[in-house]
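Architecture at a glance
Residue strings, one per chain:
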Amino acid sequence: MKQVMVVRTDLKMGKGKIAAQCCHASLGSYKNCDKEKIKKWENEAYAKVVLKVPCVEKLFELKQAAIANNIANYLVTDAGRTQIPASSVTVLGLGPDEDEILDKLTGDLKLL
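A brief look at the structure comes next. Throughout this description, residue numbers start from 1 for each chain and increase along the sequence as written. Note on the predicted model: pLDDT of at least 70 is required for a residue's local features to be given, and 80 or more for side-chain atom pairs to be given and counted; whole-chain, interface and lining totals, by contrast, use all residues. Side-chain metrics in this entry use all non-hydrogen atoms of the structure; hydrogen atoms and water are not considered.

Digging into the overall build of the chain
Where helices and strands are cited, they refer to DSSP runs of H or I of at least four residues and of E of at least two residues respectively, numbered from the N terminus. A tally of regular secondary structure across the chain gives four helices and five strands. N-terminal to C-terminal, the α/β element order of the chain is β-α-α-β-α-β-β-α-β. Oriented by its inertia axes, the alpha-carbon framework of the chain measures out at about 35 × 25 × 20 Å. Buried residues are those whose accessible area, probed at 1.4 Å on protein chains only, stays under 20% of the maximum for their type, while exposed residues exceed 50% and partly exposed ones sit between those limits. Burial status across the chain gives 43% buried among its 112 residues. Contact between two residues is taken to exist if any of their heavy atoms lie within 4.5 Å; hydrogens are not considered. Taking the contacts inside the chain whose residues are at least 6 apart along the sequence as the reference set, 74% of them involve residues at least 24 apart.

A few points about the sheet that holds strand S5 (residues 110-111)
The strands making up a sheet associate through backbone hydrogen bonding, with each pair oriented either parallel or antiparallel. Read from one edge of the open sheet, five strands run S3-S4-S1-S2-S5, paired in mixed fashion. The sheet terminates laterally at strand S3 (73-77) and S5, the two strands that pair on one side only. Sheet topology places S3 next to strand S4 (residues 89-97); five bridges connect them, and they run antiparallel. Residue pairing in the sheet places Val 76 in a bridge with Val 91 of S4. Set on the sheet, helix H1 (residues 15-31) makes contact with strand S1 (2-8), strand S2 (48-53), S3 and S4; between it and S4 the angle comes to about 45 degrees. Running at roughly 15 degrees to S1, helix H4 (residues 99-106) makes contact with S1, S2 and S4 of the sheet. Following DSSP output, two strands are said to pair if at least two bridges run between them. In this analysis an axis means a line fitted to C-alpha atoms, helices contributing only their contacting stretch, and an angle means the value between N-to-C directions, from 0 to 180 degrees.

Quick word on the packing of aromatic side chains
Paired rings are identified among Phe, Tyr and Trp, the last through its six-membered ring, by centres lying within 6.5 Å, and are further divided according to the angle between planes into stacked (under 30 degrees), edge-to-face (over 60) and tilted (the rest). Summed over all chains, the structure comprises two aromatic pairs. Measuring from centroid to centroid gives 5.1 Å for Trp 41 and Tyr 46, while their planes differ by 75 degrees, and the two rings are edge-to-face. The partly exposed category is assigned to Tyr 46, whose relative accessible area is 40%. Feature note: the residues Tyr 30, Trp 41 and Tyr 46 constitute an aromatic cluster, connected by ring pairs.

Re the pattern of salt bridges
Whenever Lys or Arg places a side-chain nitrogen within 4 Å of a carboxyl oxygen from Asp or Glu, that contact is recorded as a salt bridge. One pass over the full model with this rule turns up six salt bridges. Among the salt bridges present, the one from Lys 2 reaches Asp 103, with a minimum N-O distance of 2.6 Å. Placement of the pair is Lys 2 in strand S1 and Asp 103 in helix H4, with a sequence separation of 101 residues. Judged by relative accessible area, which is 14%, Lys 2 ranks as buried.

Description of the nonpolar core
A general tendency of soluble globular proteins is for nonpolar side chains to be buried together. By size, the foremost hydrophobic cluster in this structure holds 16 residues, and its most contacted members are Val 6, Leu 59, Leu 62, Leu 92 and Leu 94. When contributions to this core are tallied by element, the ones reaching two or more residues are S1, S2, helix H3 (56-68), S4 and H4. If you tally residues by element for this core, the top one is H3, at four residues. Dropping the residues within four chain positions of it, Leu 92 is found in contact with Val 4, Met 5, Val 6, Ala 25, Leu 59, Leu 62, Lys 63, Asn 73, Tyr 74 and Leu 75. Throughout, nonpolar core names a set of buried Ala, Val, Leu, Ile, Met, Phe, Trp, Tyr and Cys residues whose side chains join them through atoms within 4.5 Å. Of all hydrophobic cores here, the second largest spans ten residues; its members include Leu 11, Cys 22, Ala 25 and Val 76.

Keep in mind these numbers describe shape, not what the thing actually does.
In structure tokens:
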């Protein structure tokens, strides 16, 4: 079991901004997840992985694949108070879910 955050690299966010956006994605996806999956994940050390994509279109593709595969997800849209324009889509949170299920969607992505 793990949770995956997928970050857009074209926005050139700073490290702190990325960390904050990943936190939003993690919590949002967690809140959308099935209670049984959460319970299992909580018993397995809360594994998280942060991956990267080059553009917003790839995030939208992954979100549609997550929906089609019944994977909890959450797309973060920034308020625009600091580094990037308002309404910028920054990170997609996926899961928690089984490693094999998430790897089918994200296995070709590189670590951030």
